[in-house]
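# Structure assessment
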Amino acid sequence: MRFCGACGVRLRVLTGSDTGEAGERRPITVLFADLVGSSALAARLDPEDLRRLLLAYREEAGAAVARQGGRLAQHQGDGLLARFGFPIAHEDDAARALRAALDLVAAVEGLRERMEVNLQLRVAVHSGIVVVATLGHGAVAEPGAMVGEATTIAARLQHAAAPGEVWASEATRRLAHGRFRFTPQGEIALAGLPRPVLAHRVEAELPAGLVAPALPMVGREDELRSLFAAWRDAEEGAGTVLMIEAEPGYGKSRLIDEFRTGVANAATVLIACGAQDDASAFRPLLAWLAGVAGIPPRATPPRARAALQDWMTRRGLAGTEHAAPLAVLLNCATAAEMGEMEAAARRRRRRNIAALLAALRAEAAGPTQLFIAEDIHWADDSTLAVLRSLADACMAPDAPMLLLLTRRPEGRNLPGPSPLTLRLARLGKEEAARLAVAAAPEGVDDALLAGIIARASGVPMFLVEAARDAQADATLPLSLRAGLTARLDTLPEAKPVAQLAAVLGRSFRGDMITALAEAVGLPSPRRPLRRLVEAGFMEPEGPAEAPTGYSFRHELMRDTAYETLLRSRRATLHLALARLLPERFGEMVEERPELLARHLAAGGAAREAITAYEHAAARAGRAQAHGEAAGHFRAAIAQVPKLPKGERDAIEARLQIGLAAQVTVARGNSVAEVGEAFAAAHAAALRLDDRRLLLRTLRGLQTFHLVRGDVFEGHAIGERIMALMEGEKDEATLLQAHRPFGLGLLYLGRFAEARQHLERVLSLYDPARDEPQRFDYGSDPAVLARAHLGWVHWFEGDAEGALAADAAAVEAARDLDHAHSLCFALAFRCALAQFGGRASDCLDAARELQAIAAAQEFAYWSAWGAMLDGWARGRIGDLAGGEALLRRGLRDYAATDAGLLRPYGLALLAQTLPPGRMEEAPGLLDEAERLSATGGIFFSASIIAETRQLLGQ
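Scope of this entry: the structure provided in the associated data block. Bear in mind that the values here come from a model prediction, so they are computed numbers and not experimental data.

This paragraph deals with helix 38 (residues 859-875). Its 17 residues place the ends of helix 38 25 Å apart at the C-alpha level, agreeing with the 24 Å of an ideal helix rising 1.5 Å per residue. With 13 of 17 residues buried, helix 38 is to be regarded as a mostly interior element. Gly 877 sits one or two positions beyond helix 38 and adopts a positive phi of about 120°.

Tyr 747, Trp 791, Trp 861 and Trp 864 are the most contacted members of the largest nonpolar core, which has 166 residues in total. The greatest single-element share of this core, amounting to 13 residues, is contributed by helix 36 (residues 819-835). When near neighbours in sequence (up to four residues on either side) are disregarded, Tyr 747 contacts Leu 706, Val 711, Trp 791, Phe 828, Leu 900, Gly 936, Ile 937, Phe 938 and Phe 939. In this structure, Ala 364, Ala 373, Ile 376 and Leu 384 belong to the second largest nonpolar core, which totals 52 residues.

Okay, the side chain of His 574 next. Tracing the backbone through its elements, the reader meets His 574 in helix 22 (residues 567-584). The exposure class of His 574 is buried, given its relative accessible area of 5%. Only 2.9 Å separates the side chain of His 574 from the side chain of His 599, close enough to count as a polar contact. The residues touching His 574, leaving out its near neighbours within four places in the chain, are Val 503, Tyr 562, His 599, Ala 602 and Gly 603.

Another point: the pairing of strand 16 (residues 549-552). Along any regular strand, the residues point their side chains to alternate faces of the sheet. Neither face of strand 16 is exposed, since Gly 549 and Ser 551 on one face and Tyr 550 and Phe 552 on the opposite face are all buried. Bridge count between strand 14 (residues 507-509) and strand 16: three bridges; the pairing is antiparallel. Residue Arg 509 lies in a different strand from strand 16, and its bridge partner there is Gly 549. Direction of pairing for strand 15 (residues 538-541) relative to strand 16: antiparallel, over a ladder of four bridges. In the strand pairing of strand 16, Pro 540 is matched with Tyr 550.

What follows concerns the packing of aromatic side chains. Inspection of every chain in the model, using the stated rule, returns 21 aromatic pairs. With 5.5 Å between their ring centres and 50° between their planes, Trp 861 and Trp 864 make a pair best called tilted. In this pair, Trp 861 and Trp 864 both sit in helix 38, three residues apart, roughly one turn of the helix. Judged by its relative accessible area of 4%, Trp 861 falls in the buried class. With relative accessibility at 1%, the residue Trp 864 sits in the buried group.

Now for the environment of Leu 119. Assignment of secondary structure puts Leu 119 in the loop between helix 3 (93-115) and strand 4 (121-135). On the accessibility criterion, Leu 119 (0% relative accessible area) is buried. As for Leu 119 and Pro 163, which are separated by 44 residues in sequence, their C-alpha atoms are 9.4 Å apart. Ignoring sequence-local partners within four residues, the contact set of Leu 119 consists of Leu 35, Leu 41, Leu 53, Val 108, Leu 111 and Arg 112.

On to the environment of Gly 744. Within the fold, Gly 744 resides in helix 31 (residues 731-748). With 178 residues separating them in the primary sequence, Gly 744 and Pro 922 have C-alpha atoms 28 Å apart.

With that out of the way, let us pick up the pattern of salt bridges. Scanning the model with the defined rule gives 52 salt bridges in all. Residue Glu 342 pairs with Arg 348 through a salt bridge whose shortest N-O separation is 3.4 Å. For Glu 342, a relative accessible area of 53% corresponds to the exposed category. When the shortest N-O distance is used, the salt bridge between Arg 838 and Asp 841 registers 2.7 Å. What makes Asp 841 partly exposed here is its relative accessible area of 38%.

Of note, the bond from Phe 86 into Pro 87 is cis; its omega dihedral lies within 30 degrees of zero at 5°. For Pro 87, the location among the structural elements is in the loop between strand 3 (79-84) and helix 3. Its identity as a non-glycine residue notwithstanding, Asp 375 has a phi of 60°, on the positive side. Note on placement: Asp 375 falls in the loop between strand 11 (369-374) and helix 13 (381-394). You can call Asp 375 buried: its relative accessible area is 18%. Unlike most non-glycine residues, Asp 817 shows phi in positive territory, near 55°. Summarising the element assignment, Asp 817 is placed in the loop between helix 35 (799-816) and helix 36.

Parameters at a glance
Residue positions are given per chain, counting from 1 as you read along its sequence in written order. The predicted nature of this model means local features are confined to residues of pLDDT at least 70 and side-chain atom pairs, given and counted, to a pLDDT of 80 or more, with totals for whole chains, interfaces and linings taken over all residues. Derived side-chain values reflect all non-hydrogen atoms in the structure, with water molecules and hydrogen atoms excluded from consideration. Numbering goes from the N terminus for both helices and strands, where a helix is a DSSP run of H or I of at least four residues and a strand is a run of E of at least two. Here the expected length of a helix is defined as 1.5 Å per residue gap, with one fewer gap than residues. Only protein chains enter the accessibility calculation, which uses a 1.4 Å probe. A residue is then buried if its area is under 20% of the maximum for its type, exposed if over 50%, and partly exposed in between. Grouping buried Ala, Val, Leu, Ile, Met, Phe, Trp, Tyr and Cys residues that are joined through side-chain atoms within 4.5 Å yields what is termed a nonpolar core. Residue contacts follow a heavy-atom distance rule, with two residues in contact if any of their heavy atoms lie within 4.5 Å. In protein, a polar contact requires one atom able to donate a hydrogen and another able to accept it; more generally it is a pair of N or O atoms within 3.5 Å, and residues adjacent in sequence count only if both atoms are side-chain atoms. When DSSP finds at least two bridges between two strands, those strands are taken to pair. Each aromatic pair joins two rings of Phe, Tyr and Trp (for Trp, the six-membered one) with centres within 6.5 Å, and gets the label stacked for planes under 30 degrees apart, edge-to-face for over 60, and tilted for any other angle. Salt-bridge detection follows one rule: a side-chain nitrogen of Lys or Arg within 4 Å of a carboxyl oxygen of Asp or Glu.

The quantities given are spatial measurements derived from coordinates; they are silent on function.
So this is what it looks like as structure tokens:
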């Protein structure tokens, strides 16, 4: 409840301090010092003398730590703990701690001489992430207590140091790199810790270096020349695709900006992908389209439609087949357009991709077109499919187009053939120095800037951010994270809002952060957001006088703010947002149910998150965005361990089956993930002793093994299924038992038995009742049964019956307008034409199969089509082209982990070898026979025998 039920007064919402969530996660550098031989001193000195000695030691320690901006956290007898980085972080906390440690050792040596006591000190410094919070309540409360491994490592590490030495961990050395001279000590095993720590002895602090002359563009001259060369090629009609790949902060965007300055008059289309785009189909492209069409955020459908219609008219797209898909994608379609796209059914995804591709090309008007897509490692599968189509268009003959892509080494990549890739390395020392000077304000202290350069490790973004911070004596970061934490600490009023915004994501709506702040009891975020913009942490979106939203200037800025939150506080905020979304932002939840699911998951509401992810998967599946649907299922499965044990098995089985179905459609039955998903679901079904689930999971494992080429194993599973069918009355269940069992018998060469089971499928089939099976299993069972029967009739010698069954299968698939079923039917038609030596018919079917499979991204069917296309080309005289295509098909087929067609494909390759390479044929046929025999793929024996006869073997 948000208001009192009795009086209507608004209830106070518990904040972090009320719920025990007060505190922060933050980078800290810890110094631990201990007197050597203190027990011997206590035995030798009078207590008063010992007291005077310890007081002097503590005064020296306190002064050494305070001079460097640290704080003494606690004394433990003759040991002391100091921390650097809380409550205020500095850019050089690690260096400050090391400097304090060296000062403290020197101070203790002075005490020894002054007090004539054999006094020595061991010191260790370590940097890491800790939680800083109040422990306990009332009189026993310990404010600002540090909880984490960092203090333990520092305490243990000092025991390894010799008297009078300062040791630093590798983490601290990296942060203070270039500022001190270190001597490596190797890996040190520390008591009670599971792993050794790489340690270094700190010898002395080094003097600051000199600054090199400044240059506006540094260290990327060769890469820039490559971009301009590609542009010149594009101007001459030789379209190019270039990928710029680098770690975050290495200057991908900076290189693009410099290139764009040099081609300022080019018609440019810029697509920017974000960290939350990987689960929402076409999101970066739709954001671009809304921007170029002038559709403001949260525009009403009529206003959005008017803006889109005006843009399409100016770009020549109004009245074309692309108008309806674009309007539907932007949620401003008329009823007629909605009906048109609903009627498109399985062609919907293909039309969406074609429409977005047309929009991109229409916007890039001009003699030479420039397309830029940044951070594609965050792109969703559907956006990548459009970019793949755009890349193919760029590579077409006489295409005056250039497509530039950027990505990190991890994450998604452009599917298909890899483009030419430029990989950016770190800058060298000289280049780093020049870049830092170019970014720094006039009059910056040379020694200060040299410290930044020495600790930047050649990362351009770090250099620029750190140098810019020097403008107003801001903190100077030792690493980007530490530096950004330091900057946040200078904004105490705005810091909670930055943390709140980080929960929302890299970009967020202004009304959403206002609603979330209200829900969790924070004041209006309006002024703190202005402060964050002024400080360079964020950028406003929309009109400058009244921003509609905001975004962090860089993903790392968002990550830094997010990581300062305790996990418990993060969960509270995510859950509060998840409760707000359906109540206040229902249209967003309807368009992107995965957004609600993600916040529910992060908020600890696992059961609700699973439901939301399933909704998102169903929505993506209906739109034929099968890659995204599979991703939603994976995210839901990750939530299962958080459920009560008694609920897990039934839910996991359902989710694993859903995942397997989507992966099957996208990548084929035989990829390892499909087998793993069905195996996990089957294990859950066994624990549940659920017969229906057992049948479904065995059915999935059966097909998995058949397509991988292990027909014996697949048939054995089929026999188990048929045994479980005894007494079964449900015709839909019986149908899904007989169909794959008949297929297995076909592959074993038991054609008469196969025909009986496949004809049983057709007698059981009910088009209305069995329609859901196209989603659950990926294809229509009657289409598949008819396609299988075409082969059965052929191998039984009934060519007329084979062609009739084939025609019925393809016709039924076309009538259903179901892409995956049609691919299945066309694939079997290709092979049937090949069996009869009808090269022209085989070529026609193979080309149609490949076109549909490419549009739908069905990797398995694309590979099948390429193999039969290659054979047909070879048969009509193009042996070189046919061989190359057949080999590519075999390679792509193997990439799906499939093995069923491999003996058949090898035999076809042996038939297609050019005259000068016929000596390879016997080896290909021997391998085909071995695979056929060991896997039980007996249907291919006749093709292998026919090939040997053709080759005179």
